Amino acid sequence: MASMRDIKRRKASIQSTSQITKAMKLVSTVKLQKAKGHAEETKPYFNKMYETVAGMLAKSGGAGNPYVREKGGDAPKKKGVILITSNRGLAGGYNSNIVKLVTQGDFRREDTVIYPVGRKGLESLRRLGYTCEGDYSEVINKPQFGDAVSIGKTVIHALESGELDEVYLAYTVFKNTVTQIPTLIKILPFDEADVKALQSDVSSEKEQKTGAVALMNYEPEEEETLGYIIPLYMNSLIFGALVESVASENGARMQAMDSATNNAEEMIDTLGLQYNRARQAAITQELTEIVAGASAIE
């Protein structure tokens, strides 16, 4: 059985840790309220942008479009992943769940380029042998749309120059304070099968409303129009993912620190019982020795 001094020392250490976890929980709670509001304001635009660009490609057709991969083409040789994690730990499985989307998915080390946002993802994947291009760790501290534009330009240039064949976005969707969902979506290019499915959906919806489906006309030309809209589409998706990731990180950290505080309080209660038992045992032993000594004198 541990001595009273050891139990007391350990109890004091856990109490100090509990104070830290309580403080971190409060800080995360305050940050979460602000980040949550920002994420909820951004999400409708984030979703609508994806639907709009997908609908444009569906209505105009995918043939010959540089942002649509034709069916039966060669399998992509290079995949780019914009990976959004945090700069700090102590957030439960927040960072590891995002990293698993890459390590447990169809992303071979030699054919994958990571564009890391957040030091935790950068360190983990670099240690596992993945190629990491750039370091955007500071972006996650306070995301701005200009940061998303910078990342988007880099990735689009790599896609247009042939360095990448596909671009993915790995981030955490903020559902509510308790639930955050690790998500992997393909940004570009659209598969021909996806475009055909969208064409079918658009046609059905239009026929239900008007009985006819109108073709989409472009002014200026289709290629020039998409040249303007695609970068905006990618930047919007990246910015939306950054905002949601910040809210998810604070939500995950708040939950982790709340669990840590509860565990610490349980351990303190257990150690308190152990200390009382050790103290009672010590008192009983002293009384026994006194009684035994008195009996010996008599």
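Every value quoted in this text rests on a predicted model; they were computed, and no experiment measured them.

Trainee: I keep staring at the overall build of the chain and nothing clicks. Help me out?
Mentor: Within the chain, the secondary structure is distributed over six helices and seven strands. Secondary structure elements in the chain, listed N-terminal to C-terminal, are α-β-β-α-β-α-β-α-β-β-β-α-α. Within the span of the chain, comprising 298 residues, buried residues form 40% of the whole. Partitioning the intrachain contacts of the chain with sequence separation of at least 6 by distance along the chain shows that 75% fall at a separation of at least 24.

Trainee: What am I meant to see in the environment of Gln180 here?
Mentor: Tracing the chain through its elements places Gln180 in strand β6 (residues 180-188). On a C-alpha basis, the gap between Gln180 and Ser245 in space is 9.0 Å, while along the polypeptide they are 65 residues apart. If near-sequence neighbours (up to four positions away) are discounted, Gln180 is found in contact with Thr172, Val173, Phe174, Ser248, Gly251 and Ala252. At 3.4 Å, the side chain of Gln180 forms a polar contact with the backbone oxygen of Asn176. One polar contact links the side chain of Gln180 to the main-chain carbonyl oxygen of Thr177, over a distance of 2.9 Å.

Trainee: I tried to follow the sheet that holds strand β5 (residues 166-174) on my own but got confused; where do I start?
Mentor: Reading across the sheet, the five strands line up as β4-β3-β2-β5-β6 and stay open at both edges, with mixed pairing between neighbours. The two strands at the open ends of the sheet, each matched to only one other strand, are β4 (131-132) and β6. When strand β2 (residues 79-84) meets β5, the two strands line up parallel, connected through five bridges. For Val81, the partnering residue across the bridge sits in β5 and is Tyr168. On top of the sheet, helix α4 (residues 145-160) reaches β2, β3 (112-117), β5 and β6; it is set at about 170 degrees to β3, its chief contact. The strands that helix α6 (residues 222-297) touches are β2, β3, β5 and β6; relative to β5, the one it contacts most, it runs at about 35 degrees.

Trainee: Explanation requested: the nonpolar core in the structure shown.
Mentor: Soluble globular proteins: nonpolar side chains tend toward being buried together. Ranked by size, the top nonpolar core spans 44 residues in total, and within it Ile82, Ile187, Tyr233 and Met234 carry the most contacts. Going through the elements one at a time, α1 (4-60), β2, β3, α4, β5, β6 and α6 are the ones with two or more residues in this core. Here this core takes 13 residues from α6, the largest share from any one element. In this structure, Ile82 is in contact with Tyr115, Ile151, Val155, Val167, Tyr168, Leu169, Ala170, Ile187 and Ile238, ignoring residues within four places of it in sequence. Val81, Phe107, Tyr130 and Ala170 belong to the second largest nonpolar core, which has 13 residues in total.

Trainee: What exactly am I supposed to notice about a negative patch on the surface here?
Mentor: Together, Glu219, Glu221, Glu223 and Glu224 line one region of the surface with negative charge. When its relative accessible area of 76% is taken as the criterion, Glu219 is described as exposed.

Trainee: Please explain the packing of helix α2 (residues 94-103) against helix α3 (residues 119-127) as it appears in this structure.
Mentor: Two elements in contact, α2 and α3, have axes whose closest approach is 10 Å; the angle formed by their N-to-C orientations is 45 degrees. Classified by the angle their axes make, α2 and α3 are oblique. Helix-helix and strand crossings are classified by hand; for α2 and α3 the assignment is right-handed. Residues Asn95, Val99, Val102 and Thr103 of α2 lie in contact with α3, whose contacting residues are Lys120, Gly121, Ser124 and Leu125. A per-class count over the contact of α2 with α3 returns three nonpolar, four polar and one charged.

Trainee: Teacher, can you tell me more about α3 here?
Mentor: The complete set of buried residues in α3 reads Gly121, Leu122, Ser124 and Leu125. On its buried side, α3 packs onto β2, α2, β3 and β4. Note on α3: the residue one or two positions beyond its end, Gly129, has a positive phi of about 95 degrees.

Trainee: Looking at this structure, how should I read the pairing of β6?
Mentor: Sheet faces and side chains relate simply in a regular strand, where the side chains alternate between the two faces. In the sheet, β5 pairs with β6 via eight bridges, with the strands oriented antiparallel. Paired with Tyr171 across the strands is Thr183, a residue of β6. Counted along the chain from β5 to the antiparallel partner β6, the turn is five residues long.

Cut-offs and rules
Residues numbered from 1 in each chain as written. Predicted model: local features only at pLDDT ≥ 70, side-chain atom pairs only at ≥ 80, totals over all residues. Heavy atoms only, no water. Helix = DSSP H or I, 4+ residues; strand = E, 2+ residues; numbered from the N terminus. Buried < 20%, exposed > 50% of the residue type's maximum accessible area, 1.4 Å probe, protein only. Contact = heavy atoms within 4.5 Å. Polar contact = N/O pair within 3.5 Å; in protein donor to acceptor, adjacent residues only side chain to side chain. Pairing = 2+ DSSP bridges. Axes fitted to C-alpha atoms, helices over the stretch in contact; angles between N-to-C directions. Core = buried A, V, L, I, M, F, W, Y, C linked by side-chain atoms within 4.5 Å. Patch = residues over 30% accessible without salt bridge, like charges linked within 9 Å, V, L, I, M, F, W, Y side chains within 5 Å. Areas by Shrake-Rupley, 256 points an atom, 1.4 Å probe, with all protein chains shown as cover. Salt bridge = Lys/Arg side-chain N within 4 Å of Asp/Glu carboxyl O. Lys, Arg positive; Asp, Glu negative; His and termini not counted. Charge placed at Lys NZ, Arg CZ, Asp CG, Glu CD. Parallel < 35°, antiparallel > 145°, perpendicular 65-115°, else oblique. Left-handed = near helix turned anticlockwise from the far one by under 90°. Nonpolar A, V, L, I, M, F, W, Y, C, P; charged D, E, K, R; others polar.

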